[in-house]
Amino acid sequence: MYEAFLAHFNKRVALTQEEEALVKTYLMPKKIRKKQYLLQEGDVCKSFAFIEKGALKAYTVDESGSESIIQFGIEGWIIADLFSFLTGEPATYNIDAVEDAELVLMSKTSHDSLLKILPKYETYTRLNFEGAYIAMQRRLTSIIGSTLEERYEQFTKQYPEIIQRFPQHMIAAYMGLTPETLSRIRRRISTK
């Protein structure tokens, strides 16, 4: 366990063997089954999760029970309700497993401790936050300035593994569409 997390870390910021050993002491492995919650709305997000194996989704549910997917997560990705994790306020997102998953958790306490004692962890965290911000800005820009067809084509080019791993109704929920509307968009694209 931890191999994928440490490879991800070392790809961004190289660690010595001693630093790797130190980081491992702050990590906690967790396995969750398909449809099992990692986080429920209203609870405080006490850890972020690095996905070693499996697939997860972060989402909200409206009064009618419809999901709006905020984030997908697969191997090599980090998933959390970042607002809740950083502020300690109740989570607005649910996070659950779409496939059985093996995770590496970093608690808020461990995160704060490592930030103080390991400058490389602070750099790694900053790079992850920058990546998350860039992804969020790309998504917002796409929503504001692209047609539905353009948005779907951009999404499929940027995240082909998501299209392969997640069912169409979840892709539709991520895009803010009904599955039927997404089907029509896909048909229009295929006839071009």
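Owing to the predicted nature of the structure, the values given are computational and were not obtained by experimental measurement.

J.: Please clarify how the nonpolar core should be interpreted in this entry.
T.: Nonpolar side chains in soluble globular proteins tend to be buried together. If you look at the biggest cluster of nonpolar residues, it comprises 32 residues, and the most contacted ones within it are F5, V23, L56, L103 and Y121. Counting residues per element, the ones that place at least two in this core are α1 (3-12), β1 (27-32), β3 (47-53), β4 (56-61), β7 (94-97), β8 (101-107) and α5 (119-145). With 5 residues, the single largest contributor to this core is β8. Excluding residues that lie within four positions of it along the chain, Y121 makes contacts with F9, F48, M106, H111, L114 and L115. F72, Y159, I171 and A172 belong to the second-largest nonpolar core, a separate cluster that totals 21 residues.

J.: Teacher, can you tell me more about α5 here?
T.: With 27 residues, α5 should cover 39 Å at 1.5 Å per step; its first-to-last C-alpha distance of 39 Å lies within 8% of that length. Taken residue by residue, α5 has Y121, Y124, T125, N128 and S142 as its buried positions. On its buried face, α5 sits against α1, β3, β6 (78-79), β8, α4 (108-117) and α6 (148-158).

J.: Which parts of the structure should I look at to understand the pairing of strand β5 (residues 67-73)?
T.: Consecutive residues of a regular strand have side chains that alternate between opposite faces of the sheet. Bridge analysis of β4 against β5 gives 6 bridges, and the strand direction is antiparallel. By the bridge assignment, L56 is partnered in β5 with G73. Between β4 and the antiparallel strand that follows it, β5, lie 5 residues; G65 among them carries a positive phi value of about 95°.

J.: Which parts of the structure should I look at to understand the side chain of D81?
T.: By secondary structure assignment, the location of D81 is in the loop between β6 and α3 (82-87). The side chain of D81 is buried and forms no salt bridge, while K108, the nearest opposite charge, is found at 12 Å.

J.: When you look at the pattern of salt bridges in this model, what are you seeing that I'm missing?
T.: For side chains bearing opposite charge, pairing can occur when the charged atoms are close. Under the counting rule described, the total for this entry stands at 7 salt bridges. A salt bridge links E19 to K120; the nearest nitrogen and oxygen atoms lie 2.9 Å apart. Here the residue E19 occupies a position in helix α2 (residues 17-24), and K120 occupies one in helix α5, the gap between them amounting to 101 residues. With a relative accessible area of 17%, E19 lands in the buried category. A salt bridge links E75 to R165, with the nearest nitrogen and oxygen atoms 2.7 Å apart. Here E75, found in the loop between β5 and β6, pairs with R165, found in helix α7 (residues 160-165); they are 90 residues apart in sequence, far enough to count as distant. Classification of E75 as partly exposed rests on a relative accessible area of 33%. Residues joined by salt bridges that share partners form a network here, namely E75, E99 and R165.

What counts, and where the lines are drawn
- Residues numbered from 1 in each chain as written.
- Predicted model: local features only at pLDDT ≥ 70, side-chain atom pairs only at ≥ 80, totals over all residues.
- Heavy atoms only, no water.
- Core = buried A, V, L, I, M, F, W, Y, C linked by side-chain atoms within 4.5 Å.
- Buried < 20%, exposed > 50% of the residue type's maximum accessible area, 1.4 Å probe, protein only.
- Helix = DSSP H or I, 4+ residues; strand = E, 2+ residues; numbered from the N terminus.
- Contact = heavy atoms within 4.5 Å.
- Expected span 1.5 Å × (residues − 1).
- Pairing = 2+ DSSP bridges.
- Lys, Arg positive; Asp, Glu negative; His and termini not counted.
- Salt bridge = Lys/Arg side-chain N within 4 Å of Asp/Glu carboxyl O.

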